[in-house]
Every structure is written in C-alpha cells, then in structure tokens.
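If you want the building blocks of each chain, they are given just below.
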Amino acid sequence: MVDKYIPKYPLIWGTDDFFIKIFCSIPNIATGIILKTGKTNFVIDPGDGILRDLNKEIGPAGIMNISHIFISHGHHDHVGGVWSLFTYLSVMNRTAPLHIHYPKGCKEIESIHRAFHEVYGNELTYKIHLERIVDESPMPISDLTILPFHVNHREKVEGSSESNLVPSLGFKFVYKDQSICYGGDTAYCDKLVKMVIDSDLAIIEAGAADETDTDLHMTQKQAIEIGRLAKEFFLVHVPE
Ligand SMILES: [Zn+2]
C-alpha cells in the first residue's frame, strides 16, 4: 500500500505559449482549470470559486477574453461557478459571444442557462452559445484542436446498489506538437487509456476512497498506471 498522495494546488504545467493551471480539484467541493495559449483563455470545469481564481490569475481583462468553456459533466463540483461567471460577464458589459461546450444529456448546464436567461435575459449584453457535444469529432477552435471523448463516470442510485452513467467527457487539447489530456471524472476506461498515450501531460482523477468505490472512480494505483502512459501526469480529484 503506497501512502496516499494529496495534490498541492495550484498545479501548473506549461511552456511559454501552452499553459494550464489547475486551481483546485477536490471531490464534492470544486474543480477549476484555466488553459492558455498565445491567443486564447479557455476555462475547464468552472466549479465554485472560479471567478475569484480567474480574477487573481488573469484579472478582469483576461476574464473578458475567455471565449470558450469546457464542461466534463454536470456535477456541482464541476459547474458550481457557471452562474457567477455568466453574471460577471454581463455586469462587465461583455459583447463578445461566449461558447460553452458540454456533453449531450448534461441537464445542469441547460438548466443553468435557461434560468439565467429567465432572470437576466432582458439586460444581457452578450450571447451565450450552448455547444452540445454529441460525438467525438475533433473541434478546431482558435489555435487548438480539441478532441472530446466519452468516459465512464457513474453515480449511485439513492437507496440501491445500482449506479447510473452520467453524461461525461474527457478532453484532449492539442496545440502545435503538444497535447494535454484531461480525463474529467471517470472510473477506469479503455478510451481514457488510449487518449492519454503519448500526451505531454495527463490529468487523471484518483477519486476512489477505497477499492469498493472503483465503479465510480479510480484508485491512485489505477490513476498512476494510466498517468505513466503520458510524458508527465497530475493526479487530481483526490479525497482529502
Ligand atoms: Zn463527478
């Protein structure tokens, strides 16, 4: 049994023009990630606290420059900051459109969007484009190509031993000859293994509390085995 590793956030990786910072990724609390290239500021899984972290990292002008948000799945620790981000951009009189990419079937994003329009629709200064991802087609955006892929994230059915599949994606971000593979939340799955191979950086969840939890999350041992298929890796989403 290896000692449990607890990540020390923020986790940072990058070169001058391809950079990622994981502000945090704590199960049931929050995830928040920024990805930067020379031309873009992308946000991945804006959980609670994302606005505070972005403000510190890139300031108001940088936040106004965010063009695309990527959502791995709709659990609250991955989408809890969406409402405040939407509202902040309106208060700041943004005019450029904002694109939010999320897996087909993710009710949370569509519900937040619908409710947001109900409350602020009349005074909204910018357009929010819901970009539902239905398959694994490559997405060329700005100076990157994003490869979405389906992962195996389940949630327990209350009062039963059953679990349901959550609409969930991982994303591989390819920039020039470099790539970062973010698996989101997932139990072990072959697709993740395939996408991690030869990535420059893999970001792998290790959320299983113990061996009985492996239908829902990966153990540290599983996550490390997959991570080693990339040139470097971070373990995230480790219960504290
Ligand atoms: Zn989750």
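Before reading on, note that the structure itself is shown above.
The following refers to the structure shown. What you are looking at is a predicted structure, and each value in this text was computed from that prediction instead of being measured.

**Re the pairing of strand β13 (residues 178–182)**
Then, in step 1: Across the 5 residues that make up β13, a large majority, 4, are buried.
Then, in step 2: Sheet topology places strand β12 (residues 169–175) next to β13; 5 bridges connect them, and they run antiparallel. Bridging from a neighbouring strand, K172 pairs with C181 of β13.
Then, in step 3: Here β12 hands over to β13 after 2 residues, with K176 in that stretch at a positive phi of 50 degrees.

**Here's the deal with the environment of Y102**
Then, in step 1: Position of Y102 relative to the elements: it lies in strand β6 (residues 98–103).
Then, in step 2: Here Y102 falls in the buried class, since 26 other C-beta atoms lie within 10 Å of it.
Then, in step 3: As for Y102 and R154, which are separated by 52 residues in sequence, their C-alpha atoms are 17 Å apart.
Then, in step 4: Excluding residues that lie within four positions of it along the chain, Y102 makes contacts with I71, I109, R132 and I133.

**Comments concerning helix α1 (residues 50–64)**
Then, in step 1: With 15 residues, α1 should reach 21 Å at 1.5 Å per residue; the first-to-last C-alpha distance of 14 Å falls well below that figure.
Then, in step 2: Where α1 bends most, at I58, the angle is about 105 degrees, and the proline P60 comes one to four residues later.
Then, in step 3: When α1 is considered as a whole, its buried residues turn out to be I50, D53, L54 and I63.
Then, in step 4: Its buried side turned inward, α1 meets β2 (18–26), β3 (30–37), β4 (41–44), β5 (66–70) and α3 (82–91).

**Considerations on the sheet that holds β3**
Then, in step 1: Strand order in the open sheet formed by 7 strands is β1-β2-β3-β4-β5-β6-β7, and the pairing between neighbours is mixed. The open sheet has two edge strands, β1 (11–15) and β7 (128–133), and neither has a second partner. Mean inter-strand twist for the sheet, computed between neighbouring axes without regard to direction, equals 15 degrees.
Then, in step 2: Where β6 lies against β7, 6 bridges are found, and the strand directions are parallel. Note that in β7 the partner of Y102 across the bridge is R132.
Then, in step 3: Against the sheet, α1 contacts β2, β3, β4 and β5, and its axis sits at roughly 25 degrees relative to β3.

**Some details on the nonpolar core**
Then, in step 1: In terms of nonpolar packing, the biggest core is built from 58 residues, with A202 and I203 touching the most fellow members.
Then, in step 2: In terms of residues, this core owes the most to one element, β2, which gives 5 residues.

**Some words on the packing of α3 against helix α4 (residues 107–120)**
Then, in step 1: Across the interface, α3 lies against α4 with an axial gap of 10 Å and an inter-helix angle of 35 degrees. With respect to the hand of their crossing, α3 and α4 are arranged in right-handed fashion. On the side of α3, the interface is formed by V82, W83, F86 and S90, while α4 contributes I109, I112, F116 and Y120.
Then, in step 2: Looking at side-chain class alone, the contact of α3 with α4 contains 7 nonpolar, 1 polar and no charged residues.

**A word on the sheet that holds strand β9 (residues 144–150)**
In a beta sheet, neighbouring strands pair by backbone hydrogen bonds and run either parallel or antiparallel.
Then, in step 1: Spatial strand order, β8-β9-β12-β13-β14-β15: 6 strands in an open sheet with mixed pairing. The open sheet has two free edges, formed respectively by β8 (139–141) and β15 (232–236), since each of these has just one partner strand. Recorded for the sheet is a direction-independent mean angle of 20 degrees between the axes of neighbouring strands.
Then, in step 2: Across 3 bridges, the pairing between β8 and β9 is antiparallel. Within β9, the position partnered with P140 by the bridge is T145.
Then, in step 3: Along the sheet, helix α6 (residues 220–227) contacts β14 (201–205) and β15; its crossing angle with β14, the most-contacted strand, is approximately 165 degrees.

Reading guide: rules and limits
Residues numbered from 1 in each chain as written. Predicted model: local features only at pLDDT ≥ 70, side-chain atom pairs only at ≥ 80, totals over all residues. Buried ≥ 20, exposed ≤ 12 C-beta atoms within 10 Å, placed from the backbone. Helix = DSSP H or I, 4+ residues; strand = E, 2+ residues; numbered from the N terminus. Pairing = 2+ DSSP bridges. Contact = placed C-beta atoms within 7 Å. Expected span 1.5 Å × (residues − 1). Bend = angle between axes of the 7 residues up to and from the residue. Axes fitted to C-alpha atoms, helices over the stretch in contact; angles between N-to-C directions. Core = buried A, V, L, I, M, F, W, Y, C linked by C-beta atoms within 7 Å. Left-handed = near helix turned anticlockwise from the far one by under 90°. Nonpolar A, V, L, I, M, F, W, Y, C, P; charged D, E, K, R; others polar.

Purely geometric stuff here, so don't read any function into it on its own.
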